Structure formats: C-alpha cells, structure tokens
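Residue-level listing of the chains:
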Amino acid sequence: MEYDKKLIGMRIRHLRLQKKMTITALAEIADIERPTMGNIEHGRKGPSLDVVYKLSLFFDVSMDYLMGLTDDRTHHRLPWNMTTNVPACVYATCCCKRK
C-alpha cells in the first residue's frame, strides 16, 4: 500500500504557512536540507519516519494526521513514566484504570 505523498506535503505546507514560517526554517527544525523539504511539500518525496515524528511534535499534531491516515489533528499517545517505563495514563476512562 502506497501512502499519499502529495497529501502529506499539502498538510505540512499548510501547517508551515499557518505559523508563517519559511521552508528553510522548517527544514532546520526537521534537520533536513531545504531542497528536501521543498520536495516533501510538493509531494515529490516522502518524509522519513524521523521527519514525520519531529514535525508532529513541532506542529502538535498526530503522526497519523501528517500521514493522511486521519483528519483528526490531536495526539493519541500517552505520556510515559520514565521511571517505570509504563504509560502514565491521564484519561479517566482509560483501560489502565479499569480493574
């Protein structure tokens, strides 16, 4: 199954323009070259998992949203308790709190 590089690029471009950023500034955040970011935004090249992760954190959207798997921008990840290496569940209805 092929992912939609054009949709990913459009979403990244839209988020970048919302923040009034240049491609160069976003490329620095993603730790890639400016031409590579341009190719990603134009759908000519797909971003690496590392780039998707960095951009999802920067834009505060889910990786699924950036990849075009959902239209829901919110994160669906749990904060981790680094001491116990277990999710520190914050949701009242989460399965972690059920007995």
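Residues numbered from 1 in each chain as written. Predicted model: local features only at pLDDT ≥ 70, side-chain atom pairs only at ≥ 80, totals over all residues. Heavy atoms only, no water.

Undergrad: So what's going on with the overall build of the protein chain? Which residues, and what values?
TA: Across its full length, the protein chain carries five helices and two strands. Its helices and strands taken in sequence order, the protein chain reads α-α-α-α-α-β-β from the N to the C terminus. In the protein chain, which comprises 99 residues, the share counted as buried stands at 29%. The long-range fraction of contacts in the protein chain, counting pairs at least 24 apart against all pairs at least 6 apart in sequence, stands at 42%. Accessible surface, the protein chain: about 6,900 Å² in total, of which carbon and sulfur atoms supply 55%. (Helix = DSSP H or I, 4+ residues; strand = E, 2+ residues; numbered from the N terminus. Buried < 20%, exposed > 50% of the residue type's maximum accessible area, 1.4 Å probe, protein only. Contact = heavy atoms within 4.5 Å. Areas by Shrake-Rupley, 256 points an atom, 1.4 Å probe, with all protein chains shown as cover.)

Undergrad: Give a description of the environment of methionine 67 that names residues and reports values.
TA: You can see methionine 67 is positioned in the loop between helix H5 (63-66) and strand S1 (80-81). Sequence separation of methionine 67 and arginine 11 is 56 residues, and the distance between their C-alpha atoms is 8.6 Å. If sequence neighbours within four positions are ignored, methionine 67 has contacts with Tyr3, Ile8 and Val52.

Undergrad: Please give an account of the packing of helix H2 (residues 23-30) against helix H3 (residues 34-41) that cites residues and values.
TA: Put simply, H2 and H3 touch, their axes get as near as 8 Å, and they point 105° apart. It follows that H2 is roughly perpendicular to H3 by the angle criterion. Across the interface between the two elements, Ile23, Thr24, Leu26, Ala27 and Ala30 of H2 pack against Arg34, Met37, Gly38 and Glu41 of H3. Each residue belonging to the contact of H2 with H3 can be placed in one class, and the counts come to five nonpolar, two polar and two charged. (Axes fitted to C-alpha atoms, helices over the stretch in contact; angles between N-to-C directions. Parallel < 35°, antiparallel > 145°, perpendicular 65-115°, else oblique. Nonpolar A, V, L, I, M, F, W, Y, C, P; charged D, E, K, R; others polar.)

Undergrad: Before we move on, could you go through the side chain of arginine 16 and cite the residues and values that matter?
TA: Considering the arrangement of structural elements, one finds arginine 16 in helix H1 (residues 5-18). Within the local environment of arginine 16, its side chain forms a polar contact with the side chain of glutamate 41, the two groups lying 2.6 Å apart. In contact with arginine 16, not counting residues within four places along its chain, are Met21, Thr22, Ile23, Leu26, Glu41 and Phe59. (Polar contact = N/O pair within 3.5 Å; in protein donor to acceptor, adjacent residues only side chain to side chain.)

Undergrad: So what's going on with the pattern of salt bridges? Which residues, and what values?
TA: Applying the stated criterion across every chain yields a total of four salt bridges. One salt bridge in this structure joins aspartate 31 and lysine 54, with 4.0 Å as the shortest N-O distance. Remark: lysine 54 occurs in helix H4 (residues 49-59) and aspartate 31 occurs in the loop between H2 and H3; sequence separation between them is 23 residues. Residue aspartate 31 is classed as exposed on the basis of its relative accessible area, which comes to 60%. (Salt bridge = Lys/Arg side-chain N within 4 Å of Asp/Glu carboxyl O.)

Don't take any of this as a statement about function, it's just geometry.
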